[in-house]
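Remarks on the overall topology
Here's the letter readout for the chains.
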Amino acid sequence: MSRLNSIYRSELPHRAVSVYIYLSDRANKDGECWPAIPTMSKDLKLSQSTIRRALHDLRKEGLLTTEQRYRKTGGKSSLLYKLNG
């Protein structure tokens, strides 16, 4: 629960809180996960653009960092999300 304390006290919009809780639920012990934006959109019943805005909100507040992952062939894969809160 300690990971969520900072998000509950924040002034973030509800979209960012929802996405943070979603990522937290799927994160490993190191606070990392890699769900695709379309998957998050479907699961949370939010548009993909809303998910992207929420991710931007979380990065801006320092609660989330992202890292682009690549396939062995060099093509882009899903983002790696690291929760900082």
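Before reading on, note that the structure itself is shown above.
My aim in this report is to walk through the structure given alongside it, one point at a time. Bear in mind that the values here come from a model prediction, so they are computed numbers and not experimental data. (Residues numbered from 1 in each chain as written. Predicted model: local features only at pLDDT ≥ 70, side-chain atom pairs only at ≥ 80, totals over all residues. Heavy atoms only, no water.)

Judged from the 2 bridges that link them, strand β1 (residues 32-33) and strand β3 (residues 76-83) form a sheet pairing that is antiparallel. Within β3, the position partnered with Glu32 by the bridge is Lys82. Sheet analysis places strand β2 (residues 64-70) next to β3, joined by 6 bridges and oriented antiparallel. Each bridged residue has a counterpart across the sheet, and for Gln68 the counterpart in β3 is Leu79. Linking β2 to β3, which pair antiparallel, is a turn of 5 residues; within it Gly74 sits at a positive phi near 100 degrees. (Pairing = 2+ DSSP bridges. Helix = DSSP H or I, 4+ residues; strand = E, 2+ residues; numbered from the N terminus.)

What follows deals with the nonpolar core. Nonpolar side chains in soluble globular proteins tend to end up buried together. By size, the foremost hydrophobic cluster in this structure holds 21 residues, and its most contacted members are Ile7, Val19, Leu23, Met40, Leu55, Leu58 and Tyr81. Where this core is concerned, the elements lending two or more residues are α1 (2-9), α2 (14-26), α3 (37-44), α4 (48-60) and β3. For this core, the element with the highest residue contribution is α2, accounting for 6 residues. If we skip the residues at most four places from it in the chain, Leu23 touches Cys33, Pro35, Met40, Leu55, Leu64, Tyr81 and Leu83. (Core = buried A, V, L, I, M, F, W, Y, C linked by side-chain atoms within 4.5 Å. Buried < 20%, exposed > 50% of the residue type's maximum accessible area, 1.4 Å probe, protein only. Contact = heavy atoms within 4.5 Å.)

What follows covers the pattern of salt bridges. Scanning the entire structure with this criterion turns up 2 salt bridges. We note a salt bridge from Asp57 to Arg15, for which the minimum N-O separation is 2.9 Å. Of this pair, Asp57 sits in helix α4 while Arg15 sits in helix α2; the two residues are 42 residues apart in sequence, bridging distant segments of the chain. Relative accessible area serves as the criterion here: at 13%, Asp57 is assigned to the buried category. The shortest N-O distance in the salt bridge between Arg26 and Asp25 comes to 3.1 Å. On the basis of relative accessibility, which here comes to 58%, the residue Asp25 falls in the exposed class. (Salt bridge = Lys/Arg side-chain N within 4 Å of Asp/Glu carboxyl O.)

Turning our eyes to something else, we now look at the packing of α2 against α3. Running from N to C, α2 and α3 cross one another at 110 degrees; their axes reach a closest spacing of 11 Å. Looking at the two axes, α2 sits roughly perpendicular to α3. Between α2 and α3, the contacting residues are Ser18, Val19, Tyr22, Leu23 and Arg26 on the first element and Thr39, Met40, Asp43 and Leu44 on the second. The residue inventory of the contact of α2 with α3, partitioned by class, reads 5 nonpolar, 2 polar and 2 charged. (Axes fitted to C-alpha atoms, helices over the stretch in contact; angles between N-to-C directions. Parallel < 35°, antiparallel > 145°, perpendicular 65-115°, else oblique. Nonpolar A, V, L, I, M, F, W, Y, C, P; charged D, E, K, R; others polar.)

This part is about unusual backbone geometry. Unusually for a residue other than glycine, Lys45 sits at a positive phi of about 60 degrees. Along the chain, Lys45 turns up in the loop between α3 and α4.

Residue position: Gln68 is located in strand β2. The class of Gln68 is partly exposed, set by a relative accessible area of 27%. For the pair Gln68 and Arg53, spaced 15 residues apart in the sequence, the C-alpha separation amounts to 17 Å. Each residue touching Gln68, except ones within four places of it in the same chain, is listed here: Lys76, Ser77, Ser78 and Leu79. Here the side chain of Gln68 touches Ser77 through a polar contact of 2.7 Å, landing on its backbone oxygen. (Polar contact = N/O pair within 3.5 Å; in protein donor to acceptor, adjacent residues only side chain to side chain.)

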